[in-house]
Amino acid sequence: MDLGRVQRAAVGCFAHKGFAATGIRELGAAVGLNSATLYHYVGSKQELLVEIMRRCLETMIEQGRAACAAATTPTGQLAGLVASHVGFTATNPLSCRVAEHELRALEPTVRAEMQALRDHYEQLFTDVLRRGAQQGDFHAPDLSLARLAIMEMSTGVAHWYRPDGRKSLAEVQHAFVAMSYALLGVDADPHSILPAPPPPVRLASEPTDELSDQG
């Protein structure tokens with residue numbers, strides 16, 4: 001059985017209809033399996049959601065760490081983090097929407113686990129901003145608010161970016177780095193700090209164009 005196909009169908013349904021409104025029979029029908037067979041391979045609907053969210057968040061952490069390791073200054077690390085976040089979100093918009101909005105659907109124990117992964121990822125930004133402020137590279141009256149603003153605007157890419165839009169993904173990534181720099185009072189050219197944004201990873205759970213139109 002193609003687990004990726006099941007996850008893609010689930011993400012398409014969860015993103016468009018919501019986790020609560022999607023039934024296990026509906027998911028089975030989407031991949032040509034009855035609910036009993038589907039349950040045998042992937043477990044409950046909640047277990048399927050948890051696996052999708054876990055892989056999404058773990059990949060974001062891996063990409064974020066790699067972005068930080070690729071630079072030696074807070075300015076460069078922030079550029080890598082923002083570009084990575086924008087690229088990943090633009091490449092996996094539905095998976096990211098599910099990971100962002102369906103935390104409330106989880107049972108308390110696994111919700112705490114997923115929240116811990118989210119906190120771990122956000123800490124990457126917090127640490128870079130703190131180092132940059134300590135070194136005099138970043139200037140913001142409230143670093144926590146600055147982090148929220150940077151992450152929220154970058155996450156929003158999932159709602160509007162299209163590969164056939166007027167700007168390429170690399171152009172969008174550089175533009176978001178420039179806006180983050182402006183927010184922090186950094187006078188630097190993103191293209192000189194980060195000539196080539198890190199290539200984004202496409203999750204196995206991200207629906208194809210055909211599946212993303214369902215619902």
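Our subject is the structure that appears above.
For every chain, the first residue of its written sequence is number 1, and the numbers climb from 1 along that sequence. With pLDDT at 70 or above as the cut-off, local features in this predicted model cover only qualifying residues; side-chain atom pairs require 80 or more to be listed or tallied, and sums for whole chains, interfaces and linings still use all residues. In computing side-chain properties, one takes all heavy atoms of the structure into account and sets aside hydrogens as well as water.

1. Concerning the overall build of the protein chain
- The helix and strand labels rest on DSSP assignments: H or I over at least four residues marks a helix, E over at least two residues marks a strand, and numbering proceeds from the N terminus. The secondary structure content of the protein chain amounts to 11 helices and zero strands.
- Listed by position from the N terminus, the elements making up the protein chain come as α-α-α-α-α-α-α-α-α-α-α.
- Values of the radius of gyration come from C-alpha atoms, whereas the globule rule sets the reference at 2.2 Å times the count of residues to the power 0.38. Against the globule reference of 17 Å for 215 residues, the protein chain gives a C-alpha radius of gyration of 18 Å, in line with a compact fold.
- Structurally, the protein chain occupies a C-alpha span of about 60 × 40 × 25 Å along its principal axes.
- A total of 215 residues make up the protein chain; the buried ones form 46% of that total.
- Whether two residues are in contact is decided by their heavy atoms, any of which lying within 4.5 Å being enough. Within the protein chain, residue pairs in contact and separated by at least 24 positions form 75% of the contacts whose partners lie at least 6 positions apart. Three exposure classes are used, based on accessible area relative to the maximum for each residue type with a 1.4 Å probe and protein chains only: buried under 20%, partly exposed in between, and exposed over 50%.

2. Topic: the pattern of salt bridges
- What makes a salt bridge here is a side-chain nitrogen of Lys or Arg within 4 Å of a carboxyl oxygen of Asp or Glu, nothing more. Across all of its chains, the model carries six salt bridges by this definition.
- When the shortest N-O distance is used, the salt bridge between Glu26 and Lys17 registers 2.3 Å.
- A salt bridge links Glu51 to Arg54, with the shortest nitrogen-to-oxygen separation between them at 3.4 Å. Taken together, the residues Glu51 and Arg54, both in helix α4 (residues 45-69) and three residues apart, mark about one turn of the helix.
- Owing to a relative accessible area of 22%, Arg54 belongs among the partly exposed residues under this scheme.

3. Section: the layout of surface pockets
- Volume-wise, the second largest pocket comes out at about 310 Å³.
- His85, Glu100, Arg118, Glu122 and Thr155 are, among the 15 residues lining the second largest pocket, the residues nearest its centre.
- Looking at the lining of the second largest pocket, the elements that each hand over two or more residues are α4, α5 (74-91), α6 (93-101), α7 (108-134) and α8 (143-155).
- Per-element accounting of the lining of the second largest pocket gives the leading share, five residues, to α8.
- Nonpolar residues are Ala, Val, Leu, Ile, Met, Phe, Trp, Tyr, Cys and Pro. Charged residues are Asp, Glu, Lys and Arg, and all others, Gly as well, are polar. A per-class count over the lining of the second largest pocket returns seven nonpolar, three polar and five charged. Both site types are read off a 1 Å grid over the protein atoms alone. A 1.4 Å probe that fits but cannot get out defines a cavity, while an open set with protein on both sides within 12 Å along at least five of seven lines defines a pocket; lining residues have an atom within 4 Å of a point. Grid points are joined across faces, edges and corners, and a volume is the space filled by probe spheres set on the points.

4. Things to note about the nonpolar core
- For the purposes of this section, nonpolar cores are sets of buried Ala, Val, Leu, Ile, Met, Phe, Trp, Tyr and Cys residues that join through side-chain atoms within 4.5 Å. Within the largest apolar cluster, 57 residues are counted, with the highest numbers of intra-cluster contacts made by Phe14, Leu78, Val82, Met114, Phe125 and Leu184.
- Elements with a minimum of two residues in this core: α1 (3-17), α3 (35-42), α4, α5, α6, α7, α8 and α9 (169-183).
- Top contributing element to this core by residue count: α4, with 10 residues.
- Source of the domain bounds: an automatic or database domain assignment. Looking at which domains feed residues into this core, each of domain 1 (1-43) and domain 2 (49-193) gives three or more.
- Each residue touching Leu184, except ones within four places of it in the same chain, is listed here: Leu78, Leu129, Asp137, Phe138, His139, Ala140, Ala146 and Ile150.

5. Some details on the state of the cysteines
- In plain terms, two cysteine sulfur atoms within 2.5 Å form what is called a disulfide here. Scanning the model with the defined rule gives zero disulfides in all.
- With no disulfide partner, Cys68 has as its closest neighbouring cysteine sulfur the one in Cys96, 18 Å distant.
- Here Cys96 stays unpaired: no disulfide links it, and the sulfur of Cys56, its closest cysteine neighbor, is 4.2 Å away.
- What makes Cys96 buried here is its relative accessible area of 8%.

6. Here we look at the packing of α4 against α7
- Two numbers describe how α4 lies on α7: the axes approach to 10 Å, and their chain directions differ by 15 degrees. The orientation of α4 with respect to α7, classified from their angle, is roughly parallel. Considering only the axes of α4 and α7, their crossing is left-handed. Residues Gln46, Val50, Met53, Arg54, Leu57, Glu58, Met60, Ile61, Gly64, Arg65 and Cys68 of α4 pack against Val110, Glu113, Met114, Leu117, Arg118, His120, Tyr121, Leu124 and Val128 of α7.
- Taken together, the residues of the contact of α4 with α7 break down into 12 nonpolar, three polar and five charged. Helix axes are fitted to C-alpha atoms over the stretch in contact, other axes to C-alpha atoms as well, and angles between N-to-C directions run from 0 to 180 degrees. What sets the label is the angle itself: under 35 degrees gives roughly parallel, over 145 gives roughly antiparallel, 65 to 115 gives roughly perpendicular, and the rest give oblique. Two helices that cross are described as forming a left-handed crossing if the nearer one is turned anticlockwise from the farther one by less than a right angle, and a right-handed crossing if clockwise.

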